[in-house]
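Chain by chain, the residues:
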Amino acid sequence: MAKGDQNDFYTRLRVLLPPAWFAEESTILNGPLSACAAALSWCYTLYLYAKTQIRISSASDGWLDMAAYDFFGNSLTRPVDMTDDVFRTVIKRALLRERGTRQAINDVLAELTGNSPTIFEPQRVQDTGAYSRPTMGYGAAGGYGSSLLPYQAFVTVQRSKKAGIPWVAGYRTSTAAYGQSSQGEYVSREMVAGSITDAQIYAAIEAVKMEGTLVWVRLQ
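In this text the structure is predicted, and so the values were computed from the model without any measurement.

Asks: When you look at the overall build of the protein in this model, what are you seeing that I'm missing?
Replies: Of regular secondary structure, the protein possesses seven helices and three strands. Going residue by residue from the N terminus, the α and β elements of the protein occur as α-α-α-α-α-β-α-β-α-β. Residues counted as buried form 25% of the 220 residues belonging to the protein. For the protein, the exposed area adds up to about 15200 Å²; of that, 60% sits on carbon and sulfur atoms.

Listed below in structure tokens is the structure:
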């Protein structure tokens with residue numbers, strides 16, 4: 001007998017009854033008590049489940065997705081086939097993520113796409129280089145700076161490597177046939193498994209950049 005199961009609740013209810021009033025075994029009595037015990041056991045199981053869903057560390061299934069939505073809205077959604085444990089780690093990392101720095105933009109994009117972005121600030125000497133310094137070379141390093149672009153940055157993002165479209169083969173391959181496994185068909189961008197949308201990239205940058213700054217983004 002485990003705590004909270006039907007037998008546990010049956011025993012609890014049985015001991016509350018005056019022993020002089022009821023026989024030890026009674027079919028008429030055991031039926032109603034068993035029904036009440038089953039309902040109470042179900043309620044207790046539901047309570048234990050609900051209790052685990054109020055913390056990110058123990059939440060699961062759709063409740064974990066709801067927690068992510070409460071904190072991040074549509075900027076952090078679970079990719080297809082991602083497990084609860086992995087998604088939980090993603091949520092916690094996003095909650096404690098560094099923000100308001102150049103490194104924050106680099107880290108969030110590297111995590112999202114798998115590629116480190118190229119960040120150029122026209123008022124940052126380390127990016128533009130300087131004459132008579134080894135950090136500058138035409139066509140090799142550095143770039144034109146400008147004092148007319150304060151609090152701005154230019155970020156070049158390499159899109160993530162796509163996982164492909166399951167069951168769809170390429171044109172002119174022997175496995176491509178309509179209605180068959182590895183079929184050939186017209187596809188769209190939304191069908192690509194594991195893809196990161198442009199909106200998610202923009203949202204990730206918006207979430208970590210410093211307020212009052214302007215970030216220009218180029219997607220490749």
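Asks: Sorry, what's going on with unusual backbone geometry here?
Replies: The phi angle at Asp61 is positive, at roughly 55°, despite the residue not being glycine. Secondary-structure assignment places Asp61 in helix α3 (residues 61-72). Positive phi is not limited to glycine here, since Tyr151 has a value of about 55°. Within the secondary structure, Tyr151 is located in the loop between α6 (125-128) and β2 (152-157).

Asks: What exactly am I supposed to notice about the packing of α3 against helix α4 (residues 84-95) here?
Replies: Two elements in contact, α3 and α4, have axes separated by 11 Å at closest approach and are oriented at 15°. With respect to α4, the element α3 is oriented roughly parallel. As α3 runs across α4, the sense of the crossing is left-handed. Contact with α3, carried on its side by Asp61, Leu64, Asp65, Ala68, Phe71 and Phe72, involves Asp84, Phe87, Arg88, Ile91, Ala94 and Leu95 of α4 and no other residues of that element. When grouped by side-chain class, the residues that make up the contact of α3 with α4 number eight nonpolar, no polar and four charged.

Asks: Honestly, the sheet that holds strand β3 (residues 214-219) in this entry has me stumped. Any pointers?
Replies: Two orientations exist for strands paired in a sheet by backbone hydrogen bonds: parallel and antiparallel. Strands sit in the order β1-β2-β3 across an open sheet of three strands; the sheet is mixed. Two strands lie at the open edges of the sheet, namely β1 (118-120) and β3, each paired on one side alone. Strand-to-strand, the axes of this sheet are offset by a mean angle of 20°, without reference to chain direction. Across the sheet, helix α5 (residues 102-113) lies against β1, β2 and β3, angled at about 15° from β2, the strand it touches most. Packing of helix α7 (residues 198-208) onto the sheet brings it into contact with β2 and β3, and relative to β3 it is tilted by some 155°.

Asks: What is the right way to look at the pattern of salt bridges in this model?
Replies: Per the stated rule, a full pass over the model turns up ten salt bridges. Of the charged contacts in the structure, one is a salt bridge between Asp65 and Arg78, with a shortest N-O distance of 2.8 Å. Linking Asp65 in helix α3 with Arg78 in the loop between α3 and α4, this pair joins segments that are 13 residues apart in sequence. For Asp65, a relative accessible area of 27% puts it in the partly exposed group. Salt-bridge contacts for Arg159 lead to Asp198; the nearest nitrogen and oxygen are separated by 3.1 Å.

Asks: How do you make sense of a nonpolar patch on the surface when you look at a structure like this?
Replies: A contiguous nonpolar patch, built from Trp42, Leu46, Tyr49, Trp63 and Met66 and spanning about 550 Å² of accessible area, is present on the exposed surface. Listed by contribution, the elements that provide at least two residues to the nonpolar patch are α2 (27-52) and α3. Among the elements that take part in the nonpolar patch, α2 stands out by supplying three residues, more than any other. Topologically, Tyr49 is positioned in helix α2. A residue is classified by how much of its surface remains accessible, and Tyr49, at 34% relative accessible area, is partly exposed.

Asks: I would appreciate a short explanation of the side chain of Thr156 in the present structure.
Replies: By the secondary structure assignment, Thr156 is in strand β2. Note on Thr156: relative accessible area 13%, which makes it buried. Engagement of the side chain of Thr156 in a polar contact is seen with the side chain of Arg218, the distance being 3.4 Å. Setting aside anything within four residues of it in sequence, one finds Thr156 in contact with Pro117, Thr118, Arg218 and Gln220.

Reading the values: the criteria
Residues numbered from 1 in each chain as written. Predicted model: local features only at pLDDT ≥ 70, side-chain atom pairs only at ≥ 80, totals over all residues. Heavy atoms only, no water. Helix = DSSP H or I, 4+ residues; strand = E, 2+ residues; numbered from the N terminus. Buried < 20%, exposed > 50% of the residue type's maximum accessible area, 1.4 Å probe, protein only. Areas by Shrake-Rupley, 256 points an atom, 1.4 Å probe, with all protein chains shown as cover. Axes fitted to C-alpha atoms, helices over the stretch in contact; angles between N-to-C directions. Parallel < 35°, antiparallel > 145°, perpendicular 65-115°, else oblique. Left-handed = near helix turned anticlockwise from the far one by under 90°. Contact = heavy atoms within 4.5 Å. Nonpolar A, V, L, I, M, F, W, Y, C, P; charged D, E, K, R; others polar. Pairing = 2+ DSSP bridges. Salt bridge = Lys/Arg side-chain N within 4 Å of Asp/Glu carboxyl O. Patch = residues over 30% accessible without salt bridge, like charges linked within 9 Å, V, L, I, M, F, W, Y side chains within 5 Å. Polar contact = N/O pair within 3.5 Å; in protein donor to acceptor, adjacent residues only side chain to side chain.

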